Amino acid sequence: MDKYTDINAIAIDKWVDAGWEWSVPISHEDFVMAKSGKWKDMPRILLTPRKSVPMEWYAPFLRNTRLDNVKLLGLACGGGQQMPVFAALGAECTVLDYSDKQLEHERMVSGREGYPISIIKADMTKRLPFEDDSFDLIFHPVSNCFIEDVFHVWNECFRVLHKGGVLLAGMDNGLNFLVEDDNPLLIVNKLPYNPLRDEKLYRKCLQTSGSIQFSHTIEEQIGGQLKAGFILADLYEDSDEDGIGKYVPNFIATRAVKP
């Protein structure tokens, strides 16, 4: 069996080539708007499909609507969407992703706009390639559905954040995996959804999306952050308004703080 994270990286590269929604970089005009610091006018910063992250979630690092000198890690956050906005606001950005195509978009936008950014290809199922206490803020949009063990990620986030650092995370709540998108009211799978433990499901995933994805419980997602040592400060629910998301929130965003 091939390494599933490599399979996922290849699948995402193909989605990027096909114009995947989460791979379309922001425009030059949007970057200029972000530099103005006018949050109500700038491109939306998303952890989950539709709701913008509240401005107050960036406290205590926000100064006069800017994030100057904030050391920020975009974890599994390639694509040239969020990182350019943070860079425009003055943050010292590092982006980590396992998709070559997503990282290519980061290089393209940073080259076009002339801002510095550290671009790192790495597998987040491994130890993150950073020293302890390296970052003030971690921005981690929905992506841990592509990995089996989320506890490892929360522990690594805790390790690389400074004391008082903030983790902003978007997560699938698992409901998407119960159904098929074209028939969202018919339950066809049981949870937990783990293709690595079901050969038939594994083959089905490769034939349909080409990727290996996983459901995770609230105990794993929010409970995992608490077990890592974080304090949960806030959360909200969101929906992609597609499939089961037409009927019930299917995503969660959390703000957690390292004491």
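Here the structure is shown first, and the text comes after it.
The model shown is predicted, which means the values in this text are computed figures rather than measured ones.

Participant: What am I meant to see in the side chain of S110 here?
Facilitator: Position of S110 relative to the elements: it lies in helix α4 (residues 100-113). Overall, S110 belongs to the buried group, its relative accessible area being 10%. Of note is the side chain of S110, whose polar atom sits 3.2 Å from the backbone oxygen of R107. Residues within four places of S110 in sequence aside, it is in contact with Y115, I117 and I119.

Participant: Mind showing me how you'd approach the side chain of Q81 here?
Facilitator: You can see Q81 is positioned in the loop between β1 (71-75) and α3 (82-88). Polar side-chain contacts of Q81 include one of 3.0 Å to the backbone oxygen of E21. Polar side-chain contacts of Q81 include one of 3.0 Å to the backbone oxygen of V24.

Participant: Sorry, what's going on with the nonpolar core here?
Facilitator: General note: in soluble globular proteins, nonpolar side chains tend to be found buried as a group. Grouped together as the largest cluster of nonpolar side chains are 40 residues, with contacts concentrated most on L75, I138, W154 and L167. Counting residues per element, this core draws most heavily on helix α1 (residues 4-17), which supplies six residues. Discounting residues that sit within four places of it in the chain, L167 has contacts with I138, H140, W154, C157, L161, Q225, F230, T254, R255 and A256.

Cut-offs used in this document
Residues numbered from 1 in each chain as written. Predicted model: local features only at pLDDT ≥ 70, side-chain atom pairs only at ≥ 80, totals over all residues. Heavy atoms only, no water. Helix = DSSP H or I, 4+ residues; strand = E, 2+ residues; numbered from the N terminus. Buried < 20%, exposed > 50% of the residue type's maximum accessible area, 1.4 Å probe, protein only. Polar contact = N/O pair within 3.5 Å; in protein donor to acceptor, adjacent residues only side chain to side chain. Contact = heavy atoms within 4.5 Å. Core = buried A, V, L, I, M, F, W, Y, C linked by side-chain atoms within 4.5 Å.

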